[in-house]
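Chains, contacts and geometry: an overview
Listed below are the residues making up each chain.
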Amino acid sequence: MQQVDRNKSILGKYIPDNAVAVIAEWIYTYDFKLKIKRARSTKYGDYRPPVRGLNHQITINHDLNKYAFLNTLVHEIAHLSAFKKYGDNIQSHGKEWKQEYRLLLQPFLHEGVFPADVIAALKEYLHNPAATVCTDKKLFKTLRKYDENSDGRIFLDELPTHTEFIAEDNHTYLKLKKIRTRYLCTRVATRHEYLFHGTAQVKAVLKEL
């Protein structure tokens, strides 16, 4: 079981200690390759079924905090499990995936792994889990509370209207008004308009008095 021990030594850097043994065993028994990737703005992780004789592959962004990393990893393992049980003729985040995700997350829903507020948010999310936690504002915000390098950033929906902010692309915008689930903003330099999700993390521009 040397491979399991190697998996444990790597996983300990990314997920809560009390989840390491289970995940290390799953990597071995589900027989998948886990790759830690650079930060990607469009996704936190993904699953790829085996092709040309290769193993199943799961990738996770390296910059997630340990609770977000674990949840994302379970999300992707649920895709693998659903693929093995039902094949590829199922919806990506349909009932089969939801069933597997709920089942696989259960061993971790205690305070030895997740903080109490994350457990509460996850339990609500499990009623109807979605393709990404970004669509569940409560869970997304709860998980992001544990980011170590927030650099003073807050969520856009917490910022007052008509306040300038710096977005993740390092451009400065002015928050205008809410349109359904997003906020209309203008880029200060060009006056072009853009829509931002309320959970976008931004840094307020402080005006000198």
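Here we summarise the structure given alongside this text. Once a new chain begins, its residue numbering starts again from 1 and follows that chain's sequence as written. At least 70 in pLDDT is required for a residue's local features to be given in this predicted model, at least 80 for side-chain atom pairs to be given and counted, and no such filter applies to totals for whole chains, interfaces and linings, which use all residues. Side-chain calculation: all heavy atoms of the structure are included, whereas hydrogens and water are not.

Side note on the packing of aromatic side chains
Definition in use: A pair of Phe, Tyr and Trp rings is counted when the ring centres sit within 6.5 Å of each other, with Trp represented by its six-membered ring. The angle between the planes then sorts it: under 30 degrees is stacked, over 60 is edge-to-face, the rest tilted. Only DSSP runs of H or I with at least four residues qualify as helices, and only runs of E with at least two residues qualify as strands; both kinds are numbered from the N terminus onward.
Evaluated as defined, the whole model comprises 13 aromatic pairs. Geometrically, the ring pair formed by Tyr67 and Tyr146 is edge-to-face, given 5.2 Å between the ring centres and 80° between the ring planes. In this pair, Tyr67 sits in helix H3 (residues 66–86) while Tyr146 sits in the loop between helix H6 (137–144) and strand E4 (154–155), placing the two residues 79 residues apart along the sequence. A connected cluster of aromatic rings, assembled from ring pairs, spans Phe165, Tyr173, Tyr194 and Phe196.

With respect to the sheet that holds strand E2 (residues 45–48)
Quick note on the threshold: Note: two strands are recorded as paired if DSSP finds a minimum of 2 bridges between them. Helix axes use the C-alpha atoms of the stretch in contact, all axes being lines fitted to C-alpha atoms, and the angles between their N-to-C directions lie in the range 0 to 180 degrees.
Taken together, the 3 strands give an open sheet; going across it, the order is E1-E3-E2, and neighbouring strands pair in mixed fashion. The open sheet has two edge strands with one neighbour each: strand E1 (32–37) and E2. For this sheet, the mean angle separating the axes of adjacent strands, direction not counted, is 15°. Across 4 bridges, E2 lies against strand E3 (residues 56–61) in antiparallel orientation. Bridged to Asp46 within E3 is Thr59.

A few points about the nonpolar core
Inclusion rule: As used in this record, nonpolar core signifies buried Ala, Val, Leu, Ile, Met, Phe, Trp, Tyr and Cys residues forming a set joined through side-chain atoms within 4.5 Å. Note on classification: 1.4 Å probe, protein chains only; a residue is buried when its accessible area is under 20% of the maximum for its type, exposed when over 50%, partly exposed between these limits.
Formed by 43 residues in total, the largest nonpolar core has its most connected members in Ile23, Leu70, Ile77, Tyr101, Phe108 and Phe114. Those elements that provide at least two residues to this core are helix H1 (2–11), helix H2 (17–30), E3, H3, helix H4 (95–105), helix H5 (116–125) and H6. With 9 residues, the single largest contributor to this core is H3. One finds Leu159, Phe165, Cys185 and Phe196 within the second-largest nonpolar core, a separate group that totals 10 residues.

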